[in-house]
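# Structural overview for review
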Amino acid sequence: MAFDIDMIQKVYAGITERVDKAREVVGKPLTLSEKILYAHLWDGNPTTAFERGTDYVDFAPDRIACQDATAQMALLQFMRAGKPKVAVPTTVHCDHLIQAKVGADKDLKRANETSNEVFDFLGSVSNKYGIGFWKPGAGIIHQVVLENYAFPGGMMIGTDSHTVNAGGLGMIAIGVGGADAVDVMAGMPWELKFPKLIGVKLTGKLSGWTAPKDVILKVAGILTVKGGTGAIIEYFGEGAEAMSCTGKGTICNMGAEVGATTSTFGYDASMDRYLRSTGRADVADAANNVKEYLTADPEVYASPEQYFDQVIEINLSELEPHLNGPFTPDLATPISKMKEAAKENDWPLKVEYGLIGSCTNSSYEDISRAASLAKQVSDKKLKTKSSFTITPGSEQVRYTIERDGFIDTFNKIGATVFANACGPCIGMWDREGSEKEERNTIVHSFNRNFAKRADGNPNTLAFVGSPELVTAIAISGRLDFNPLKDKLINEDGEEVMLDEPRGYELPPEGFAVEDAGYQAPAEDGSGINVVVSPTSERLELLKPFAPWDGKNITGARLLIKAFGKCTTDHISMAGPWLRYRGHLDNISNNCLIGAVNAYNMKTNFVKNQLNGEYGGVPDTQREYKAAGIPTVVVGDHNYGEGSSREHAAMEPRHLGVKVVLVKSFARIHETNLKKQGMLALTFANEADYDLIQEDDTFNFVDLEGFAPGKDVTIELVHSDGSKDVIKANHSYNKGQIAWFRAGSALNLIAAGNA
Ligand code: F3S
């Protein structure tokens, strides 16, 4: 499992020269984000000052991490690239396929039985191609990466939106689709639009009930789910330095919820402590030798307005604990305002479940602080009113918190400890009674709270808070409980208050683990056979998509005009569908079934223009495909926000959709559509969305001249014979147009032409 100190030394050996050169080229002091970006240019030393938010740049990431749900398709794609080994250090983590039900041991055993085929596939592909493999139960990808692989000043990509978590250790870590990861595994550069930069200055110091989570919940309230799009958020200031490294990880983790490309913090003593505590003193020593290159130039933080595109300032001494939700992570409510907000919105006050842990919040600090509250239940003769669960982020954390008595403390309040896996955070929670779809409230310390995300029930209102606040609320059983002010009545009828949470940044006795769950790859994997059964319903070897015929697309029909929020969860639902992540045809049966049809406000109910009948989206699309009719999906703002799953792009492509035309895209999804050879367009005039009618035919009349920066003309033919001609923009550069021509980026790689 050993991290690659030689690789890290190499990065640090080059960083000084590259950053000094970048400063010269850019002509001004550099932020940390710029230093890391310029130090990882594919072409070596910087020669150009890139324009933020405009220039596409090729980078050379140091690492790749994949989780089991996305790794299946990524590795199936990598197998098609024809390479003997991955080109950069890569790991695969089995965390998304473990359903939480009764508790860690039984749940893990069941997952090993039901997903055995997938775990075996991932294990053998990893073994063959030089990939480190973290077995089921080893932990959640981002926690394992933070503990083992993240390093200050590094750049990594991962096939999961919350890869950004590694910013807590001063990395630029970015969530990508599997197709991007495959490029880098295959030794190709990774392309990114040079991000804009948002600086967040943290003054003051966290104390009492306020936790790092509240910083990002506050930032989410300010920026909203779209506010970070295309930007890196760089945190700095005395408040940042006073915070633990894992707390920084929590903040960076949820940068995904504001759409940020990633978030990061400058190297400081908290990172040094965390590296040493997790057995990486040599990385800390190496980082200390170049530490001025692992944070911004001093002028930047002294006058941030001059160097960032936007600056936000938060005084941590005045920050209140927050609860964000329901149904969106940017609806931020300070705990002192929750009574009012809950009443106004008629949110059910009874809290059914408090769930802590996940990749976002299962550090030793989080767990020890939450345990300090759980301990007060018996000390103060209280009873925990809500059900309570913990999902530890890694076996190392689980083992250590068990050794230190915290699991025992949680057990005493009736907690269920789930496996070290995603579980309820990704809908892999077999919650008793959720099929009744009753309106109810839960609180959790995860990051996302879209409808159905935790338990599949659209009527579960999920609120996101720090593990401390979630624990306190679970003890009280009420959404509007403010532990800073409110009293609880104990078994003796006395009024008691919970004391402020207390914990440890790092385990005083150090971390420990018996079996971390890691499998190193074979030195020479050439003799290893990867078997995929042709009758498998979960895995299917890929066939290449057809190239573009170079002609205009004409006579295309509207498959669906999606109304409002359409995340990758709406396009390719998670939950039970995770089962088919490695089988493109089978998983395509969930294509767009969560999107709301703008004409009838129903999900999975669209008009089939071949016969005028209404039916499910995938079935209708299969009929268009069988009839050889191209189709178009129309969408609203930030289409494809949410997780990085490339299935949301591959499924419509597989089913024969040609074009996705929206008001705006979420970055990862737009890139994924391009990689898969789809035409991803945005309305030049957003109001044209309203011109699209249910029976429209689309003619893309000048596609034959498809070129960078040139808009696309679309003729809309309405059912009464009238026409509208509208313009659409696109962001394809020359290389991306080559993907479109070839049918997909992978087709180009496989042909050796990329
Ligand atoms: Fe897993 Fe939820 Fe994190 S799905 S990777 S625990 S965001």
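Residues numbered from 1 in each chain as written. Predicted model: local features only at pLDDT ≥ 70, side-chain atom pairs only at ≥ 80, totals over all residues.

Within an unreviewed UniProt entry, the label attached to the protein reads Aconitate hydratase A, and the organism entered is Sinomicrobium oceani. Here the protein is described in UniProt, under the heading Pathway (unreviewed entry), as follows: "Carbohydrate metabolism; tricarboxylic acid cycle; isocitrate from oxaloacetate: step 2/2." According to the UniProt record, the Catalytic activity (unreviewed entry) comment for the protein is "citrate = D-threo-isocitrate". (UniProt positions renumbered as here; feature names shortened; annotations may be inferred.)

Okay, the sheet that holds strand β9 (residues 231-236) next. In space, the four strands of this open sheet follow the order β10-β9-β8-β11, with parallel pairing throughout. Edge positions in the sheet fall to β10 (262-265) and β11 (310-315), since each of these pairs with one other strand and no more. With strand direction ignored, the average angle separating the axes of adjacent strands in the sheet is 20 degrees. Two elements, strand β8 (residues 196-203) and β9, share six bridges in a ladder whose sense is parallel. The residue bridging glycine 199 from the neighbouring strand is glutamate 234, located in β9. (Pairing = 2+ DSSP bridges. Helix = DSSP H or I, 4+ residues; strand = E, 2+ residues; numbered from the N terminus. Axes fitted to C-alpha atoms, helices over the stretch in contact; angles between N-to-C directions.)

Before going further, it helps to examine the site of the ligand. Taken together, 13 residues lie around the ligand, and Ser358, Cys359, Cys422, Cys425 and Ile426 are the ones closest in. Across the shell around the ligand, the residue classes break down as seven nonpolar, four polar and two charged. Two domains each put at least three residues into the shell around the ligand: domain 1 (5-315) and domain 2 (322-495). (Near = placed C-beta within 6 Å. Nonpolar A, V, L, I, M, F, W, Y, C, P; charged D, E, K, R; others polar. Domains from an automatic or database assignment.)

UniProt records the feature "domain: Aconitase A/isopropylmalate dehydratase small subunit swivel" (unreviewed entry) for residues 558-686 in the present numbering. Measuring from the first to the last C-alpha atom of residues 558-686 gives 18 Å, for a span that is 28% helix and 19% strand.

Looking along the chain, the bond that leaves glycine 325 and enters proline 326 is cis, with omega of 0 degrees. Phi is positive for asparagine 604, which is not a glycine, with a value near 50 degrees. Within the secondary structure layout, asparagine 604 lies in the loop between α20 (584-587) and β23 (606-607). Residue classification places asparagine 604 among the buried residues on the basis of 20 C-beta atoms within 10 Å. (Buried ≥ 20, exposed ≤ 12 C-beta atoms within 10 Å, placed from the backbone.)

This part covers the domain arrangement of the protein. In many analyses, interface size is given as the accessible surface area lost on bringing the parts together. Looking at the assigned domains, one finds that the protein contains domain 1 (5-315), domain 2 (322-495) and domain 3 (553-750). In this structure, domain 1 and domain 2 have C-alpha centres spaced 27 Å apart. Residue assignment for the side of domain 1 that touches domain 2 shows that the elements contributing at least two residues are α4 (104-114), α6 (141-148), α8 (212-223) and α10 (245-253). Considering every element that reaches the side of domain 1 that touches domain 2, the biggest residue donor is α8, with six residues. In terms of residue class, the side of domain 1 that touches domain 2 is made up of 16 nonpolar, 16 polar and eight charged.

Moving on, we come to the pairing of strand β25 (residues 631-635). Within β25, five of the five residues are buried, which leaves it mostly tucked inside the rest of the structure. Burial along β25 is two-sided: the residues Thr631, Val633 and Gly635 and Val632 and Val634 are all buried. Of the pairings in the sheet, the one linking β25 to strand β26 (residues 657-662) comprises five bridges and is parallel in character. Pairing of threonine 631 across the sheet is with valine 657, part of β26. Read as a crossover between parallel neighbours, the route from β25 over helix α22 (residues 647-655) to β26 is right-handed. (Right-handed = clockwise from strand over helix to strand, strands pointing away.)

Turning our eyes to something else, we now look at helix α7 (residues 178-185). Judged by how many residues are buried, α7 sits mostly within the fold: eight of eight residues are covered. Taken as a whole, α7 has its buried residues at Gly178, Ala179, Asp180, Ala181, Val182, Asp183, Val184 and Met185. Phi for glycine 187, located one or two positions after α7, is positive at around 90 degrees.

Judged by pairing direction, the sheet is mixed, and its six strands sit side by side in the order β6-β5-β2-β3-β4-β21 without closing on themselves. Each of the sheet's edge strands pairs with one partner strand only, and the pair in question is β6 (172-175) and β21 (518-519). Where strand β2 (residues 63-67) meets strand β5 (residues 155-158), three bridges bridge the pair, whose relative direction is parallel. By the bridge assignment for β5, arginine 63 is matched with methionine 156. Contacting β2, β3 (90-93), β4 (132-134) and β5, α6 crosses the sheet at an angle of about 150 degrees to β2. (Contact = placed C-beta atoms within 7 Å.)

Each packed pair of helices is defined by two parameters, the angle between the axes and the distance between the axes. Across the interface, helix α3 (residues 68-80) lies against helix α5 (residues 116-129) with an axial gap of 10 Å and an inter-helix angle of 50 degrees. For the element pair α3 / α5, the angle class is oblique. For α3 against α5, the interelement crossing comes out left-handed. Taken together, the residues of α5 that come into contact with α3 (itself represented by Asp68, Ala71, Gln72, Leu75, Phe78 and Met79) are Val118, Leu122, Val125 and Tyr129. For the contact of α3 with α5, the residue count by class is eight nonpolar, one polar and one charged. (Parallel < 35°, antiparallel > 145°, perpendicular 65-115°, else oblique. Left-handed = near helix turned anticlockwise from the far one by under 90°.)

Turning to helix α12 (residues 281-289), a few remarks are in order. What α12 keeps buried is the set Val283, Ala284, Ala286 and Ala287. One side of α12 holds all its buried residues, which, seen down the axis, span an arc of 165 degrees. Exposed positions of α12 whose direction lies more than 90 degrees from the buried face are Ala281 and Asn289. Buried residues along α12 sit in contact with α1 (5-26) and α11 (269-277). (Arc of directions from axis to C-beta.)

Before going further, it helps to spend a moment on the environment of phenylalanine 151. Residue placement: phenylalanine 151 occurs in the loop between α6 and β5. Under the C-beta neighbour-count criterion, phenylalanine 151 is labelled buried, with 28 such atoms within 10 Å. The sequence separation of phenylalanine 151 and leucine 169 amounts to 18 residues, and the corresponding C-alpha distance is 5.8 Å. Every residue in contact with phenylalanine 151, bar those within four places of it in the chain, is listed here: Ile8, Leu169, Met171 and Val283.

We now examine the environment of glycine 503. Topologically, glycine 503 is positioned in the loop between β20 (495-496) and β21. Measuring from C-alpha to C-alpha, the distance between glycine 503 and glutamate 365 comes to 5.8 Å, with 138 residues separating the pair along the chain. Apart from residues no more than four positions distant in its own chain, glycine 503 is found in contact with Glu365, Ser368, Arg369 and Ser372.

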